[in-house]
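Structural overview for review
Chain by chain, the residues run as shown.
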Amino acid sequence: MISAVSRILEVHPQTLRMYEREGFVQPHRVNKQRLYSDDDIERLNLVIKLTKELGVNKAGVDIILRMRNRMQSMQEEMREMMRFMEEDIRRHFEEKLRRIFSEE
């Protein structure tokens, strides 16, 4: 809930509403009540650090968040490619072993 998250992050609830209006976070809603996930809180914490500690403006925050999302997507793609390569290498290795042992 917004009151709990505002206490955790030590910001006014209106600040969280503003970040929502800016599109930095989209909490789940149940009966007009905002429910923040752990990912939402992590993202809000990053936004707060960027704006208050580093002086990044809203446009900068938007760019950084988009770049961060893109990097996370690319990391997931890389993990998927690595899994595929590992499976392919393992299959190839097992195939060679079978051939070697079937020749004897």
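Anyway, here's the lowdown on the structure attached to this text. (Residues numbered from 1 in each chain as written. Predicted model: local features only at pLDDT ≥ 70, side-chain atom pairs only at ≥ 80, totals over all residues. Heavy atoms only, no water.)

A count of helices and strands for the protein gives four helices and two strands. In the protein, the order of α-helices and β-strands from amino to carboxyl end is α-α-β-β-α-α. The C-alpha radius of gyration of the protein comes to 23 Å, more than 25% above the 13 Å expected for a compact globule of 104 residues. Oriented by its inertia axes, the alpha-carbon framework of the protein measures out at about 75 × 35 × 20 Å. (Helix = DSSP H or I, 4+ residues; strand = E, 2+ residues; numbered from the N terminus. Rg over C-alpha atoms; globule rule 2.2 N^0.38 Å.)

For the rest of this paragraph, the subject is helix 4 (residues 58-103). Along its 46 residues, helix 4 runs 67 Å from first to last C-alpha, staying within 8% of the 68 Å computed at 1.5 Å per residue. Within the span of helix 4, buried status applies to G60, V61 and L65. (Expected span 1.5 Å × (residues − 1). Buried < 20%, exposed > 50% of the residue type's maximum accessible area, 1.4 Å probe, protein only.)

Below, the discussion takes up the packing of helix 1 (residues 2-9) against helix 2 (residues 13-21). It is at 9 Å that the axes of helix 1 and helix 2 come closest, and there the two elements cross at 105°. By the angle class used here, helix 1 and helix 2 are roughly perpendicular. In this structure, helix 1 uses I2, V5, S6 and L9 to contact helix 2, whose residues at the interface are P13, L16 and R17. Here the contact of helix 1 with helix 2 is built from residues that sort into five nonpolar, one polar and one charged. (Axes fitted to C-alpha atoms, helices over the stretch in contact; angles between N-to-C directions. Parallel < 35°, antiparallel > 145°, perpendicular 65-115°, else oblique. Contact = heavy atoms within 4.5 Å. Nonpolar A, V, L, I, M, F, W, Y, C, P; charged D, E, K, R; others polar.)

A word on the nonpolar core. Counting residues in each nonpolar core, the largest one holds 15 residues, and the members touching the most others are L9, L16 and L44. Those elements that provide at least two residues to this core are helix 1, helix 2, helix 3 (38-53) and helix 4. If one sorts the elements of this core by residue count, helix 3 sits on top with four residues. In this structure L16 touches I2, V5, S6, L9, V11, Y36 and L44, once residues within four positions along its chain are discounted. (Core = buried A, V, L, I, M, F, W, Y, C linked by side-chain atoms within 4.5 Å.)

Within this structure, the stated rule accounts for 12 salt bridges. R66 is the partner of D62 in a salt bridge, and the nearest nitrogen-oxygen pair spans 2.3 Å. You can see D62 and its partner R66 sitting in helix 4, four residues apart, about one turn around the helix. Among the ionic pairs, E77 bridges to R70, the shortest N-O distance being 3.8 Å. Take R70: its relative accessible area is 46%, and that puts it in the partly exposed class. (Salt bridge = Lys/Arg side-chain N within 4 Å of Asp/Glu carboxyl O.)

Examined against the element boundaries, M85 turns out to sit in helix 4. Its relative accessible area of 45% is what places M85 among the partly exposed residues.

With their axes 10 Å apart at the nearest point, helix 3 and helix 4 run at an angle of 140° to one another. Taken as axis vectors, helix 3 and helix 4 run oblique relative to one another. For the pair helix 3 and helix 4, the sense of crossing is right-handed. Contact with helix 3, carried on its side by E42, R43, L46, V47, L50 and T51, involves V61, I64, L65, R68 and N69 of helix 4 and no other residues of that element. (Left-handed = near helix turned anticlockwise from the far one by under 90°.)

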